Structures are given as structure tokens and as C-alpha cells.
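# Commentary on secondary and tertiary structure
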Amino acid sequence: MSETTDEQVTMRITGAVREWDLGATCLAALAVATGAAAGGALAGAARDVMAAAGLDDALADPSRLPFSAEQVHGMAASPLLQAAALLDGSHAGWSAHSDETLIAQGRASGSAAALFTRFVLPHFADLADRLARPGARMLDVGTGVGALAIGYAQAFPRLHVVGLDVEPRVLRLAQAQISASPVADRVEVRHADVAELADEAGYDLAWIPAPFVPEPAFSNGVARIAAALRPGGMLMIGHGIYEGTELENAIARFKTVGYGGTPLDGDSAARLLAAHGLTAVRRVQLPPGAPGLTVGLR
Ligand SMILES: C[S@@+](CC[C@H](N)C(=O)[O-])C[C@H]1O[C@@H](n2cnc3c(N)ncnc32)[C@H](O)[C@@H]1O
């Protein structure tokens, strides 16, 4: 049996660090290239990185993307800010993040409505009609700074969105974002735990992100939401993706522990939806980087 030499151990560490540094630095370059400070030497060098990565044409013509430049900036900045917050050892769940981190994560999740329109709705023709009707209602669990709720209200001009969150600080940020948006009359946020949801037969669409909602609030919340859906309404569970390499799966679990939520996989999400009597349960494939998504109809 050949022994690993000290040189090989050293190379393994330095090689891994180099590879991960490249990924983190590419995210930083994407954030700089799509950020507010578009001029200057740093922005020029960031655009060179994007060109070398083959992304310059996609970024030059945002009309070809289902995301705004601001949302792409959030996608790049949010994981970096969240990872940095893990470093001081005092990380205490989602609520400990800075306003800047919460807003970046909100921007990233603001693209959810565009992904829903492109990747979910084509499989559910009746739902598209339902969301276009007067009186259509959506429940956004863990509404954070309200960006996902605002995105859905913008995508569906008759939709009224109710956002729930347990954190008063994020709800203050949400209220400011909603007031500054063109859909302030159709988005409301409530300080409430999904496990206590008491509305019945009130929603056409509901979203709950497992990685951010801890047990037992998550399981109790799914039961409450299923009861609160209108017949034909859809419950979407966002969850981790644990079908990758060992490293990808371990990273998905690490992130969920950092968020303080529930490490649910797609099969467990499907079983949970079926156990609450939902039908047409299916996994929806979203582009890389998006959460896992499993949906069912009441
Ligand atoms: C990642 S954030 C959501 C980001 C959001 N989509 C946006 O646009 O900003 C997840 C949120 O879930 C909230 N949350 C966690 N447990 C909850 C519960 N039991 N009921 C309601 N919200 C909860 C957290 O406080 C956190 O703000």
C-alpha cells in the first residue's frame, strides 16, 4: 500500500483552497460587474473575469435572462455575505444576518416568480387561469424582506400576496421595500409563525422554504397551509437537493444547518404533500443553483 507523502497532503489542501477561492472570487466579480458601481478599474477587471468565464453576452443583454441585473447581483452577493457571517463563530441562525445580507438574499429570491412562470406554470394550465383571476391570493411563508412576494405580485397583476415572518426586523425591511414598490396595494406582511396559520380555504398558491423553517414549525406549517388552500390551489415546498456528489450533498446540509431550517429532500417533500391529501404531486426541475421544488394541488 502506498503511503501519502507530506507533499501530497500539502498539495491536496492548497489545490482545494485554490479551486474554492476561484469560485468565491468569480462570485465577487459577478457582484461587482452587476453592482451599482459600474465604472472604474475594479468593475473593468470584473467584466474581464465574466468575459473569460463566457458570461459577457448573457450579462450584456439582460432581456435574454429571466432575472434583472439587481437580482443577479443578489444571487452573487448573498452566498458570499452569508458565508462570511459563518466565520466569527457567533452565527445564530438567519435572524443574526446584517440588513445588507437579508436584502441580497431577498434580491436573489426575487427571481422566484420568473422561474415559476417559466418552469412550473407550463405544467399546470388551470393554475395560470386561477392566478389571473380577480381575488387570486398567494401565501409567502418566511417572507423575509418581501422581495419574492413583490416579484409574484408584479408577475400576476391581480394577485394579492400575504407574507408571513417570525422576525420583526425583517418585516420592517419588507415594509420599506413594499412601500417603495409599484405593488404596495397588493402585498401585505404579517408577524406570524406558519405553525399558527389559521386561514382556511384562502389561497390559490403557497410557498414554504424548508431550509429556512425549523422543525416542528415546518411540518405543522405544511399541515396548516394544506388546510388553507382553495380547492385546486398549489403548495410549493422549496427544499435541499441531496442527489449530487457527496461533497454537494454535504454542502447542502451545511447550508441548511447555517440557515437553522429543515434538511428535507425531494422524496420526503413529495411524501409530506401526499400525506396531506394533495394530488398531482411532482418534482419540478429548476435551473442549477435554484432550490429543489416539489409541488402538489389541493
Ligand atoms: C431566506 S428568508 C426568505 C427570503 C425572502 N424570500 C425574501 O424575499 O426576502 C427565510 C425567512 O423565513 C423566516 N421563518 C423562519 N421560520 C418561520 C416560521 N416558522 N414562520 C414564518 N417565517 C419563518 C425567517 O425569519 C426568514 O426571514
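What counts, and at which threshold
- Residues numbered from 1 in each chain as written.
- Predicted model: local features only at pLDDT ≥ 70, side-chain atom pairs only at ≥ 80, totals over all residues.
- Heavy atoms only, no water.
- Near = heavy atom within 4 Å.
- Polar contact = N/O pair within 3.5 Å; in protein donor to acceptor, adjacent residues only side chain to side chain.
- Areas by Shrake-Rupley, 256 points an atom, 1.4 Å probe, with all protein chains shown as cover.
- Helix = DSSP H or I, 4+ residues; strand = E, 2+ residues; numbered from the N terminus.
- Nonpolar A, V, L, I, M, F, W, Y, C, P; charged D, E, K, R; others polar.
- Axes fitted to C-alpha atoms, helices over the stretch in contact; angles between N-to-C directions.
- Parallel < 35°, antiparallel > 145°, perpendicular 65-115°, else oblique.
- Left-handed = near helix turned anticlockwise from the far one by under 90°.
- Contact = heavy atoms within 4.5 Å.
- Pairing = 2+ DSSP bridges.
- Core = buried A, V, L, I, M, F, W, Y, C linked by side-chain atoms within 4.5 Å.
- Buried < 20%, exposed > 50% of the residue type's maximum accessible area, 1.4 Å probe, protein only.
- Domains from an automatic or database assignment.
- Phe/Tyr/Trp six-rings, centres within 6.5 Å; stacked < 30°, edge-to-face > 60°.
- Buried area = accessible area lost by both parts, 1.4 Å probe.
- Salt bridge = Lys/Arg side-chain N within 4 Å of Asp/Glu carboxyl O.
- Right-handed = clockwise from strand over helix to strand, strands pointing away.
- Expected span 1.5 Å × (residues − 1).

What follows covers the site of the ligand. Taken together, 23 residues are adjacent to the ligand, and Ser-109, Gly-142, Val-145, Asp-165 and Asp-193 come closest. Contact between the ligand and Val-145: an oxygen atom at 2.9 Å from a main-chain N or O atom of the residue. Between the ligand and the protein, one listed contact pairs an oxygen atom with a backbone N or O atom of Leu-148 at 3.0 Å. Starting from 610 Å² of accessible surface for the ligand in isolation, the protein chains cover 95%. In terms of residues, the shell around the ligand owes the most to one element, helix H5 (residues 99–109), which gives three residues. Per-class residue counts for the shell around the ligand are 13 nonpolar, seven polar and three charged.

For the rest of this paragraph, the subject is the packing of H5 against helix H9 (residues 168–179). Interaxial distance between H5 and H9 falls to 11 Å at its minimum, and their mutual angle equals 55°. Between H5 and H9, the crossing angle belongs to the class labelled oblique. Considering how the two elements wind past one another, H5 and H9 form a crossing that is right-handed. Between H5, through Asp-99, Leu-102 and Ile-103, and H9, the contact on the second element is made entirely by Arg-169, Val-170, Leu-173 and Gln-177. Counted by class, the contact of H5 with H9 contains four nonpolar, one polar and two charged residues.

An order of S3-S2-S1-S4-S5-S7-S6 is seen for the seven strands of this open sheet, with the pairing classed as mixed. A single partner strand is all that each edge strand has here, and the edge strands are strand S3 (187–191) and strand S6 (279–284). Each strand axis lies, on average, 15° off the axis of its neighbour in the sheet, ignoring direction. Bridge analysis of strand S4 (residues 203–209) against strand S5 (residues 229–239) gives six bridges, and the strand direction is parallel. Considered in S5, the bridge of Trp-207 is made with Met-236. Of the strands in this sheet, S4 and S5 touch helix H7 (residues 125–132), which is tilted by about 105° from S5.

The subject of this paragraph is the nonpolar core. Across soluble globular proteins, you tend to see nonpolar side chains buried next to one another. Counting 52 residues, the largest nonpolar core has Phe-116, Met-138, Tyr-152, Leu-205, Met-234 and Met-236 as its most contacted members. Two domains share this core, each providing at least three of its residues, namely domain 1 (6–109) and domain 2 (112–297). Apart from the residues lying within four places of it in its own chain, the contact partners of Phe-116 are Leu-121, Pro-122, Leu-127, Leu-131, Tyr-152, Phe-156, Leu-205, Met-234 and Met-236. The next biggest cluster of nonpolar side chains, apart from the first, holds 25 residues, and it includes Tyr-203, Ala-228, Ile-237 and Ala-269.

Right, let's get into the packing of aromatic side chains. Tallied over the entire structure, the rule returns four aromatic pairs. Between Phe-116 and Phe-156 the ring centres are 6.0 Å apart and the planes differ by 75°, which places this aromatic pair in the edge-to-face class. You can see Phe-116 sitting in helix H6 (residues 112–120) and its partner Phe-156 sitting in the loop between helix H8 (147–155) and strand S2 (160–165), a full 40 residues away along the chain. With respect to class, Phe-116 is no different from Phe-156; both count as buried. Taken together through their ring pairs, the aromatic side chains of Phe-116, Tyr-152 and Phe-156 make up a single cluster.

What follows is about the domain arrangement of the chain. Taken domain by domain, the chain comprises domain 1 (6–109) and domain 2 (112–297). Look at where the C-alpha atoms of domain 1 and domain 2 centre, and you get two points 25 Å apart. Tallying the contact residues gives 20 residues for domain 1 and 16 residues for domain 2. Taken over both partners, the interface formed by domain 1 and domain 2 buries close to 1,400 Å², and the fraction arising from carbon and sulfur atoms is 61%. On the surface where domain 1 and domain 2 come into contact, there are one salt bridge. Between Asp-99 and Arg-169 there is a salt bridge, and its shortest N-O distance comes to 2.5 Å. Among the elements that make up the side of domain 1 that touches domain 2, the one with the highest residue count is H5 (seven residues). Its residues assigned to classes, the side of domain 1 that touches domain 2 shows eight nonpolar, nine polar and three charged.

Taken residue by residue, a regular strand's side chains alternate between the two faces of the sheet. Buried residues dominate S4, accounting for seven of its seven residues. Examined bridge by bridge, strand S1 (residues 137–141) and S4 share three bridges and lie parallel to one another. Residue pairing for S4: Asp-140 is matched across the bridge by Trp-207. After leaving S4, the chain enters helix H10 (residues 217–228) and then returns to the sheet as S5, a path that is right-handed.

Okay, helix H11 (residues 246–259) next. The end-to-end C-alpha distance of H11 is 20 Å, a good match for the 20 Å that 14 residues give at a rise of 1.5 Å each. Listed in full, the buried residues belonging to H11 are Asn-249, Ala-252, Thr-256, Gly-258 and Tyr-259. Contacts made by the buried residues of H11 are with helix H4 (69–85). Where H11 terminates, the next one or two residues include Gly-260, which has phi positive at roughly 85°.

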